[in-house]
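One-letter residues, chain by chain:
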Amino acid sequence: MYEILRAVRPMVLNSARVVEAEVRDLGWTVGSRAVMEVLLDGAPMTVPQVASRLSLARQNVQRHVDELIKLGHVESKPNPAHRRSVLIQPTEKGSRAFRGLHDRERAQLALLAPQCSEQDLRTTIRVLGDLNHDIKARAAASAAGTRT
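Student: Looking at this structure, I do not really get the overall build of the chain. What am I missing?
Tutor: Each helix and strand in the chain was counted, giving six helices and two strands. Mapped in sequence order, the helices and strands of the chain form the string α-α-α-α-β-β-α-α. C-alpha atoms of the chain, sized along the principal axes, occupy 45 × 45 × 25 Å. The buried share of the chain, reckoned over its 148 residues, is 24%. Within the chain, residue pairs in contact and separated by at least 24 positions form 51% of the contacts whose partners lie at least 6 positions apart. In the structure as shown, the chain presents an accessible area of about 10400 Å², 56% of it carried by carbon and sulfur atoms. Once the 22 positive and 16 negative side-chain charges of the chain are each reduced to a mean point, those two points are 7 Å apart.

Here it is in C-alpha cells:
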C-alpha cells in the first residue's frame, strides 16, 4: 500500500498542474473545476453537500462557488428544504464550458498508458476506490480524535 501511495502522490500533483493550465482561460482553478464536476453530476446541491462530496472544508468550497458565480458559471436558487442554505447549480454557460473542457481532457487521457488493458484499468479503479474509502475513514476518525 505504501508503494501505491508513493506512486499516486506525484501523479496527483502533476495532474493538478496539467488541469491548472487547462482551466486558466476559463478563470477556474483545480478546485473550482472539481466543484463544477460535482455540480454537473446531478441535482443542485448546497455548499456543505459539495464540500462533503469533495472532502473539502465548506469555506474552501464557498470561495470556489463565489468565484464561479462571478464568472456566471453557477447560480444560487432558493432551497425549499432550508431557507438559509441555498442550492447551487451550473448555468448553461458553465455547463458548456465544463463540457468543452471535459471533452478535451478525455481526449488527452485516452492517449495515456496505452500498454494497460481495460481489465488493468478496472482493477486500478477498484483498488484505488477501496484505498480511498479506508483512508477517508481514518481521516474522519483522526478529525474526531479517535483511532482506527
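Next comes the rest of the description.
Student: Just checking my understanding: could you explain the environment of V61 for this structure?
Tutor: Structurally, the position occupied by V61 is in helix 4 (residues 58-71). Note: C-alpha distance between V61 and S32 (29 residues apart in sequence) is 7.9 Å. If near-sequence neighbours (up to four positions away) are discounted, V61 is found in contact with V35, V47, V50, A51 and L56.

Student: Any chance you could explain the pairing of strand 2 (residues 87-90) here in plain terms?
Tutor: For a regular strand, side chains alternate in direction, first toward one face of the sheet and then toward the other. Residues L87 and Q89 of strand 2 are buried on one face, and the alternating residues I88 and P90, pointing to the opposite face, are buried as well. One ladder, built from four bridges, connects strand 1 (residues 74-77) with strand 2; its direction is antiparallel. Residue pairing across strands places V74 opposite P90, the latter belonging to strand 2.

Student: What am I meant to see in the nonpolar core here?
Tutor: Soluble, globular proteins show a tendency: their nonpolar side chains are buried together. If you look at the biggest cluster of nonpolar residues, it comprises 19 residues, and the most contacted ones within it are W28, V35, L39, V50, V61, V65 and V74. For this core, the secondary structure elements donating two or more residues are helix 1 (2-23), helix 2 (30-40), helix 3 (47-54), helix 4 and helix 5 (92-109). No other element matches helix 2, which puts four residues into this core.

Cut-offs used in this document
Residues numbered from 1 in each chain as written. Predicted model: local features only at pLDDT ≥ 70, side-chain atom pairs only at ≥ 80, totals over all residues. Heavy atoms only, no water. Helix = DSSP H or I, 4+ residues; strand = E, 2+ residues; numbered from the N terminus. Buried < 20%, exposed > 50% of the residue type's maximum accessible area, 1.4 Å probe, protein only. Contact = heavy atoms within 4.5 Å. Areas by Shrake-Rupley, 256 points an atom, 1.4 Å probe, with all protein chains shown as cover. Lys, Arg positive; Asp, Glu negative; His and termini not counted. Charge placed at Lys NZ, Arg CZ, Asp CG, Glu CD. Pairing = 2+ DSSP bridges. Core = buried A, V, L, I, M, F, W, Y, C linked by side-chain atoms within 4.5 Å.

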